[in-house]
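Chain by chain, the residues run as shown.
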Amino acid sequence: MTSQDPQKKLKIAVVGGGLVGSLQACYMAKRGHQVELYELRDDIRTMEHVPGKSINLAMSIRGRSALREVGLEDEIIKNHGLPMEARMIHRLDGSTYQIPYGKKGQCIYSVGRRFVNEVLLNAAEKLPNVSFNFSHKLVNSDLDKGTMTFTNKSGELVEAQADLILGTDGAYSAVRKQFMKRPRFNYQQEYIPCYYLELCIPPTASGNFAMNPKCLHIWPRGSFMMIALPNQDASWTVTLFMPHDKFEALTTPEELLAFFKTHYPDAIPLIGKDRLVKDFFAIKPSGLISVKCYPHHAGKALLLGDAAHAMVPFYGQGMNCGFEDCLVLNEFLNQLGDHNLEKVLPAYTEHRHVDAHAICDLALYNFIEMRDLVNRFSFLARKRFDNTMHWLFPNWWVPLYTSVTFSRMRYHLCIENKKWQDRVRQN
Ligand code: FAD
């Protein structure tokens, strides 16, 4: 599978130039390999509008650690990220209260998806051993031979070959489709009964944020909810999460405004009636998928990011976990050697799949916490208890959210740790 000559540079194909693919291209190029990046879309840096999911994302320590390793943390976090120190919960009567994310000084950052992707593409482009192939859609691949077939903008077939194919082509991965034809590949997908739609709160007339920008705002309403993350231009990306039948029931501006008046009355003046109606009916709600698979490698290919583990967005970990994949793979390459892919790929899979499965589960659990539990006394009491214990014994008692968001504890150990804490509390 690999060259025995340790001097020989590997030919690496990165399929998918989204968040994880563009970061992975930087990692592999910095290791000295020849990287070809293939991306379905045009170069987003030249596009006026980039269609696709969530405009902004919450970045935390795992994503930051992966960026730091390739020298990009400051450009993305320090120069662009907006720190969010707490959840701001909006009650039905319009009153609010805060639940801090962690200890004083701990925060997560709101970052623009397009900005992060562009910084990563620019960084990869600066490296002499990276080539970009935009408007290339993977349509077929032989994972054992490392061959790939793409269609380009003119509809022509383009053939390519690599020593290693990195499948970073997202939740509906075409690389993963090739895995599914092979024996012993386990695959599980679940659409949760919840859709999402993005709205916008514009800046105030004086160009300021209309709400406290140090918080991620949540309107928990039991079986559905709305959240808002701040953007650099003082606007907010608002995401409405709810079952499809609730979306379908809102067919006229009057129904929509009545729904908001009942459930999110304080958000109406922030969004503005006209904008709310225009934006809501301009787009269709999108579904949310959770994907687990095993193994993450086959032949000369490895799946990373959403291609290996798409998760629902409620822990804010999809990108963070995908970025951490790059860091973990880099650690295995350091340990076992770039020319030892026969060992690196299975070792990576064995290590990483348990964590990928764990964070997919945690993300599903956090939906219940965000839309419902944050309203309950028992949840707030537990948070207070956990925070006090963490303050008293910072290394011994690490709350679940802290371990996932502010540490690089392996995701499956975060769950083990929480189970242990539950047992201690019961005794
Ligand atoms: P993608 O970003 O999907 O990129 C895949 C790339 O592959 C795309 O550029 C696509 O064009 C390309 N591609 C697809 N098919 C092909 C093909 N056949 N050939 C070539 N190229 C192809 N994560 C967080 O960490 N924090 C958050 O706050 C957060 N919020 C989210 C909110 C929402 C509403 C959603 C839906 C997700 C959120 N996520 C969040 C998750 C995050 O968006 C994903 O985990 C992340 O985008 C995964 O990156 P990726 O590069 O693996 O996949």
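Rules and cut-offs
Residues numbered from 1 in each chain as written. Predicted model: local features only at pLDDT ≥ 70, side-chain atom pairs only at ≥ 80, totals over all residues. Heavy atoms only, no water. Near = heavy atom within 4 Å. Polar contact = N/O pair within 3.5 Å; in protein donor to acceptor, adjacent residues only side chain to side chain. Areas by Shrake-Rupley, 256 points an atom, 1.4 Å probe, with all protein chains shown as cover. Helix = DSSP H or I, 4+ residues; strand = E, 2+ residues; numbered from the N terminus. Nonpolar A, V, L, I, M, F, W, Y, C, P; charged D, E, K, R; others polar. Phe/Tyr/Trp six-rings, centres within 6.5 Å; stacked < 30°, edge-to-face > 60°. Buried < 20%, exposed > 50% of the residue type's maximum accessible area, 1.4 Å probe, protein only. Lys NZ or Arg CZ within 6 Å of the ring centre and 35° of its normal. Salt bridge = Lys/Arg side-chain N within 4 Å of Asp/Glu carboxyl O. Axes fitted to C-alpha atoms, helices over the stretch in contact; angles between N-to-C directions. Parallel < 35°, antiparallel > 145°, perpendicular 65-115°, else oblique. Contact = heavy atoms within 4.5 Å. Expected span 1.5 Å × (residues − 1). Left-handed = near helix turned anticlockwise from the far one by under 90°.

K.L.:
Go over the site of the ligand with me, naming the residues and quoting the values.
P.N.:
Glu-39, Ala-58, Arg-113, Asp-306 and Met-319 are the nearest of the 29 residues found near the ligand. Glu-39 has a polar side-chain atom sitting 2.6 Å from an oxygen atom of the ligand. At a separation of 3.1 Å, an oxygen atom of the ligand approaches a polar side-chain atom of Asn-320. Burial of the ligand by the surrounding chains reaches 90%, relative to a free accessible area of 990 Å². Where the shell around the ligand is concerned, the elements lending two or more residues are α1 (19–30), β3 (56–59), β9 (137–142) and α11 (318–336). Ranked by the residues each element gives to the shell around the ligand, the list is headed by α11, at three residues. Class assignment of the residues belonging to the shell around the ligand gives a composition of eleven nonpolar, eleven polar and seven charged.

K.L.:
Go over the packing of aromatic side chains with me, naming the residues and quoting the values.
P.N.:
Under the defined criterion, the tally for this structure stands at 23 aromatic pairs. Between Tyr-401 and Phe-406, the ring centres sit 6.4 Å apart and the planes meet at 70°, which makes this aromatic pair edge-to-face. Comparing Tyr-401 with Phe-406 shows no difference in burial state: the two are buried. Its guanidinium or amino end placed over the ring of Tyr-401, Arg-87 lies 4.8 Å from that ring's centre, counting from NZ or CZ. Looking at Arg-425, its charged tip hangs above the ring of Phe-385, at a distance of 4.4 Å from the centre.

K.L.:
Kindly report on the pattern of salt bridges, identifying the contributing residues and their values.
P.N.:
This structure, assessed with the given rule, holds 23 salt bridges. Of the charged contacts in the structure, one is a salt bridge between Asp-142 and Lys-145, with a shortest N-O distance of 3.8 Å. Across the pair Glu-324 and Arg-408 runs a salt bridge whose closest N-O atoms are separated by 2.8 Å. Highlighted residues: Glu-324 in helix α11 and Arg-408 in the loop between α14 (400–405) and α15 (411–426), separated in sequence by 84 residues. A relative accessible area of 2% places Glu-324 in the buried class. Owing to a relative accessible area of 32%, Arg-408 belongs among the partly exposed residues under this scheme.

K.L.:
Help me get a handle on the packing of helix α13 (residues 377–392) against α15, residues and values and all.
P.N.:
Their axes nearest at 13 Å, the elements α13 and α15 cross at an angle of 100°. Comparing their axes, α15 and α13 come out roughly perpendicular. On α15, the residues touching Arg-382, Phe-385 and Asp-386 of α13 are Lys-418, Gln-421, Asp-422 and Arg-425. Its residues assigned to classes, the contact of α13 with α15 shows one nonpolar, one polar and five charged.

K.L.:
I'd like a description of helix α4 (residues 113–126), backed by residues and values.
P.N.:
Helix length check: α4, at 14 residues, gives a terminal C-alpha distance of 20 Å against a target of 20 Å (1.5 Å per residue), a fit within 8%. Inspection of α4 places Arg-113, Val-116, Asn-117, Val-119, Leu-120, Leu-121, Ala-123 and Ala-124 among the buried residues, and these make up the whole buried set.

K.L.:
An account of unusual backbone geometry is requested, with residue identities and associated values reported.
P.N.:
Negative phi values dominate among residues other than glycine, just as trans dominates among peptide bonds. Cis geometry is adopted by the peptide bond preceding Pro-295, which originates at Tyr-294 and carries an omega value of -5°. Tracing the backbone shows Pro-295 in the loop between β17 (286–294) and β18 (297–298). One non-glycine residue with positive phi stands out, namely Ala-234, at about 75°. Among the structural elements, Ala-234 can be located in the loop between β15 (225–230) and β16 (236–242). Taking relative accessible area as the criterion, Ala-234 reaches 5% and is therefore assigned buried.

K.L.:
I'd like a description of the packing of helix α2 (residues 61–69) against α11, backed by residues and values.
P.N.:
Where α2 meets α11, the closest approach of the two axes is 7 Å, and the angle between their N-to-C directions is 45°. Considering the angle they form, α2 stands oblique to α11. Viewed along their axes, α2 and α11 form a crossing whose handedness is left-handed. Contacts between α2 and α11 involve Arg-62, Gly-63, Ser-65, Ala-66, Leu-67 and Glu-69 from the first element and Asn-320, Phe-323, Glu-324, Leu-327 and Asn-330 from the second. Among the residues forming the contact of α2 with α11, the class breakdown is four nonpolar, four polar and three charged.

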